[in-house]
Amino acid sequence: MRSINLIEGLNIEYIRVNDNELEAKMNLTQFHDQTFGYLHGGATIAFGETIAGYASNKRINKNQVAVGQTITANHMKAKKIEGYIIAKGRIMHNGKTSHVWSIEMFDENNILISHITVTNSIIKLNKR
C-alpha cells in the first residue's frame, strides 16, 4: 500500500500565482481533522507554507530554490471539517535571499479563519 505525502494529503485543488499575489484552494477531509471535528492548525500552516513556497519558486532562477524559514500563524476562528479554505496572499518582500508572504485564509462563507506570514529563504540549488 502506497502512503501519501503531506502535500498530497493537504488536498490542494489549485494554486494561482499572478505578479505579486497568490490564491489557492484546499478541500477539507478527515486528513485535516484535529480529532474533534475541526480543522487542525498545523494543516492550515502546512497549506500556507506549501503555497508560499510554490509562489516563491515561480519567482526565482532555476539554479535556486525557496525553502521555508519562518512561519507565524494566527488562527481567528474554528472551522469544522467540511467545505474548503481559500487562501489569498501577497508578497510583502521580494529580496534576493528571502521572500515574505502574507496569506489570509477564508472559509466558503468568506469568514477569515487564519492569517499566516511565511518567510522563505532563497538558496542555491545543489546538484546531486
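Scroll up to find the structure this text is about.
A brief look at the structure comes next. (Residues numbered from 1 in each chain as written. Predicted model: local features only at pLDDT ≥ 70, side-chain atom pairs only at ≥ 80, totals over all residues. Heavy atoms only, no water.)

## As for the pairing of strand β4 (residues 84-94)
- Sheet analysis places strand β2 (residues 21-27) next to β4, joined by seven bridges and oriented antiparallel. From the neighbouring strand, Lys25 faces β4, where its bridge partner is Ile86.
- Two successive antiparallel strands, β4 and strand β5 (residues 98-107), enclose a turn made up of three residues. (Pairing = 2+ DSSP bridges. Helix = DSSP H or I, 4+ residues; strand = E, 2+ residues; numbered from the N terminus.)

## A few points about a nonpolar patch on the surface
- The grouping of Ile4, Leu6 and Phe31 at the surface amounts to a nonpolar patch, some 290 Å² of accessible area in total.
- Note on placement: Ile4 falls in the segment before α1 (6-10). (Patch = residues over 30% accessible without salt bridge, like charges linked within 9 Å, V, L, I, M, F, W, Y side chains within 5 Å. Areas by Shrake-Rupley, 256 points an atom, 1.4 Å probe, with all protein chains shown as cover. Salt bridge = Lys/Arg side-chain N within 4 Å of Asp/Glu carboxyl O.)

## Examining the packing of aromatic side chains
- As enumerated under the stated definition, the model contains zero aromatic pairs in all.
- The lysine or arginine in question, Arg16, covers the ring of Tyr14, its NZ or CZ lying 4.2 Å from the ring centre.
- For the cation-ring pair, Lys25 lies above Tyr84, with the distance from its terminal atom to the ring centre recorded as 4.3 Å. (Phe/Tyr/Trp six-rings, centres within 6.5 Å; stacked < 30°, edge-to-face > 60°. Lys NZ or Arg CZ within 6 Å of the ring centre and 35° of its normal.)

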